[in-house]
Amino acid sequence: MAAELHVELVAADRSVWSGEATLVVARTTSGDIGVMPGHQPLLGVLESGPVTIRTSEGGTVVAAVHGGFISFADDKLSLLAEIAELADEIDVQRAERALELAKSDADAAAERRAEIRLRAVAVL
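Residues numbered from 1 in each chain as written. Predicted model: local features only at pLDDT ≥ 70, side-chain atom pairs only at ≥ 80, totals over all residues. Heavy atoms only, no water.

Where an unreviewed UniProt entry is consulted, the protein chain appears under the name ATP synthase epsilon chain, with the organism given as Streptomyces globisporus.

### Let's talk about the packing of helix α1 (residues 92-104) against helix α2 (residues 108-123)
Pairs of packed helices are described in terms of their axes, by the angle between the two and the distance that separates them. Where α1 meets α2, the closest approach of the two axes is 8 Å, and the angle between their N-to-C directions is 150°. Relative to α2, the element α1 lies roughly antiparallel. Regarding α1 and α2, the two cross each other, and that crossing is left-handed. Contacts from Val92, Arg94, Ala95, Glu96, Ala98, Leu99, Ala102 and Lys103 in α1 reach Ala110, Glu111, Ala114, Glu115, Arg117, Leu118 and Val121 in α2. Its residues assigned to classes, the contact of α1 with α2 shows nine nonpolar, no polar and six charged. (Axes fitted to C-alpha atoms, helices over the stretch in contact; angles between N-to-C directions. Helix = DSSP H or I, 4+ residues; strand = E, 2+ residues; numbered from the N terminus. Parallel < 35°, antiparallel > 145°, perpendicular 65-115°, else oblique. Left-handed = near helix turned anticlockwise from the far one by under 90°. Contact = heavy atoms within 4.5 Å. Nonpolar A, V, L, I, M, F, W, Y, C, P; charged D, E, K, R; others polar.)

### Considerations on the UniProt feature "domain: ATP synthase F1 complex delta/epsilon subunit N-terminal" (unreviewed entry) in the protein chain
The sites that UniProt annotates as "domain: ATP synthase F1 complex delta/epsilon subunit N-terminal" (unreviewed entry) are residues 5-83. Across residues 5-83 one finds 0% helix and 77% strand; the C-alpha atoms that close the span lie 23 Å apart. (UniProt positions renumbered as here; feature names shortened; annotations may be inferred.)

### Re the domain arrangement of the protein chain
Structurally, the protein chain comprises domain 1 (5-86) and domain 2 (90-123). Here the C-alpha centre of domain 2 lies 22 Å away from the C-alpha centre of domain 1. The interface of domain 1 with domain 2 comprises twelve residues on the first partner and eight residues on the second. A combined buried area of about 820 Å² lies between domain 1 and domain 2, and 65% of that area is made up of carbon and sulfur atoms. When the buried area of domain 1 at its contact with domain 2 is split by residue, Pro50, His66 and Glu85 rank highest and sum to 44% of it. At the boundary of domain 1 with domain 2, the tally comes to one salt bridge. Taking the shortest distance from any N to any O, the salt bridge between Glu85 and Arg117 comes out at 2.7 Å. Looking at the side of domain 1 that touches domain 2, the elements that each hand over two or more residues are β5 (49-55), β6 (60-73) and β7 (76-86). (Domains from an automatic or database assignment. Buried area = accessible area lost by both parts, 1.4 Å probe. Salt bridge = Lys/Arg side-chain N within 4 Å of Asp/Glu carboxyl O.)

### Notes on the nonpolar core
Ranked by internal contacts, the top residues of the largest apolar core, which has 24 residues, are Val7, Leu9, Val24, Ile53, Val65, Leu77 and Leu79. Secondary structure elements with two or more residues in this core: β1 (5-11), β2 (14-28), β4 (42-46), β5, β6 and β7. Contact partners of Leu77, with chain neighbours within four places excluded, come to Leu5, His6, Val7, Glu8, Val24, Val35, Ile70, Ser71 and Phe72. By size, the runner-up hydrophobic cluster in this structure holds seven residues, among which are Ala64, Ala87, Ile116 and Ala120. (Core = buried A, V, L, I, M, F, W, Y, C linked by side-chain atoms within 4.5 Å. Buried < 20%, exposed > 50% of the residue type's maximum accessible area, 1.4 Å probe, protein only.)

### Comments concerning the environment of Gly49
Take Gly49: it is sitting in strand β5. Gly49 gets classed as buried once you look at its relative accessible area, which sits at 1%. In this structure, Gly49 is in contact with Ala63, Ala64, Val65, Ile116 and Arg119, ignoring residues within four places of it in sequence.

Pasting the structure below:
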């Protein structure tokens, strides 16, 4: 059996995804980080961006994450996000409309959120 890590992706309002994985890639304030089984313990601040999870079954789970924390120890990875959406839950047309609206309103934060949602969908 290949080495695995247990992953919990939790948003402020719900548990988004939980399961076994072989690799998780996330963006932190220090840059992008890949976590595999046996990684040294870490605690970091998540930047807004896509999180990619390579599941033990060989699948890929992608989520748009907006801020939060990442913690890893003893092959257990926790991603605690302010907002998180699985890519397959994202309505692309709605995200595109939100992006256009944010651009017309000069709302940089909303524009960034919409761009990240669209990037997460594009990864799939």
